[in-house]
Amino acid sequence: MKKVLFSIMVCFLCLGMGISNVGAKKEKVIYLTFDDGPSKNTPKVLKILDQYKVKATFFVTGNGGKYTKYIGEAFNAGHKIGAHTYTHNYKIYKSKKSYYKDLNKIQNLIVKQTGQKTDIIRFPGGSSNTVSRHYKKGIMKKLTKDVRKKGYQYFDWNVSSGDAASVNPKTSRIVKNAKKGKSKNTIVLLMHDSKPKTHTVKALPKIIKYYKKKGYVFKTLDINSYAAHHPVNN
Ligand SMILES: [Zn+2]
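All figures in this text were calculated on a predicted structure; none of them were measured in a lab.

Conventions used here
Residues numbered from 1 in each chain as written. Predicted model: local features only at pLDDT ≥ 70, side-chain atom pairs only at ≥ 80, totals over all residues. Heavy atoms only, no water. Buried < 20%, exposed > 50% of the residue type's maximum accessible area, 1.4 Å probe, protein only. Helix = DSSP H or I, 4+ residues; strand = E, 2+ residues; numbered from the N terminus. Contact = heavy atoms within 4.5 Å. Core = buried A, V, L, I, M, F, W, Y, C linked by side-chain atoms within 4.5 Å. Salt bridge = Lys/Arg side-chain N within 4 Å of Asp/Glu carboxyl O.

## Things to note about helix H3 (residues 69-76)
Moving on, step 1. Turning to H3, its buried residues number three or more, namely Tyr-70, Ile-71, Gly-72 and Ala-74.
Moving on, step 2. In this structure, the buried residues of H3 make contact with helix H2 (42-51), strand S2 (57-61), strand S3 (80-85) and helix H4 (96-114).
Moving on, step 3. Taken from the residues just after H3, Gly-78 is the one with a positive phi, measuring 100°.

## Thoughts on the nonpolar core
Moving on, step 1. One finds Leu-32, Leu-49, Phe-58 and Tyr-99 to be the most contacted residues of the largest nonpolar core, which totals 48 residues.
Moving on, step 2. Once residues lying within four places of it in the same chain are set aside, the contact partners of Leu-32 are Leu-49, Val-54, Ala-56, Thr-57, Leu-189, Met-191, Leu-204, Ile-208, Phe-218 and Lys-219.
Moving on, step 3. Within the second largest apolar cluster, eleven residues are counted, among which are Ile-120, Val-188, Leu-221 and Ala-227.

## As for the pattern of salt bridges
Moving on, step 1. On inspection of all chains with the given rule, the structure shows five salt bridges.
Moving on, step 2. In this structure, the salt-bridge partner of Lys-80 is Asp-119, at a minimum N-O distance of 3.9 Å. Here the residue Lys-80 occupies a position in strand S3, and Asp-119 occupies one in the loop between H4 and strand S4 (120-121), the gap between them amounting to 39 residues.
Moving on, step 3. The class for Lys-80 is partly exposed, based on a relative accessible area of 22%.
Moving on, step 4. The partly exposed category is assigned to Asp-119, whose relative accessible area is 26%.
Moving on, step 5. In this structure, the salt-bridge partner of Asp-146 is Lys-96, at a minimum N-O distance of 3.6 Å. Taken together, the residues Asp-146 in helix H5 (residues 139-149) and Lys-96 in helix H4 connect sequence positions 50 residues apart.
Moving on, step 6. We classify Asp-146 as buried; its relative accessible area is 11%.

If you want it as structure tokens, here you go:
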């Protein structure tokens, strides 16, 4: 009898779960991503993220100088660290060898700061960049395949804040661009936390509040996340 009762209970449980799944909406996710840091703006960004209790992903460089320690601080605060480039000099695209020399250098710095290697990267200029044509024809076609073979995933973006359109675009412009993702269920938002980007810092609370209100969950990228790959142009 106990067994029968248990079976009935399990059945009801399944039924209940089935019904609730029918009405369940697809989760809306936003990945805030910051390129080109760390810089003097990185601690400000970290403070805002902490205030709003959201996590982000930082694609870092080796140009941080005395702010380099914020790679470790971001990691310790629960943010994800990805590799962008050590030098951010597009010359790295002149060969596979020079690309990996730069990537390994930033990877070593990340290990020094966080105690572990990262398996996520963002190409300087994104995978769709055409600047690399000036250094080596077809290099992005090669690298986009090759990094996957080496166990990395590369990430582009499907919404840009446009904060790299000029040195430091107006805050209102950055917020307006960032809001353009509202029709998407999954947003990978491109921003920058490099030295001139003070308006990105100002725009950040507005962007977070906007997407929180819209019901988005803030997550950090990992190797299995939606990678928002661009078409490769070189
Ligand atoms: Zn960059």
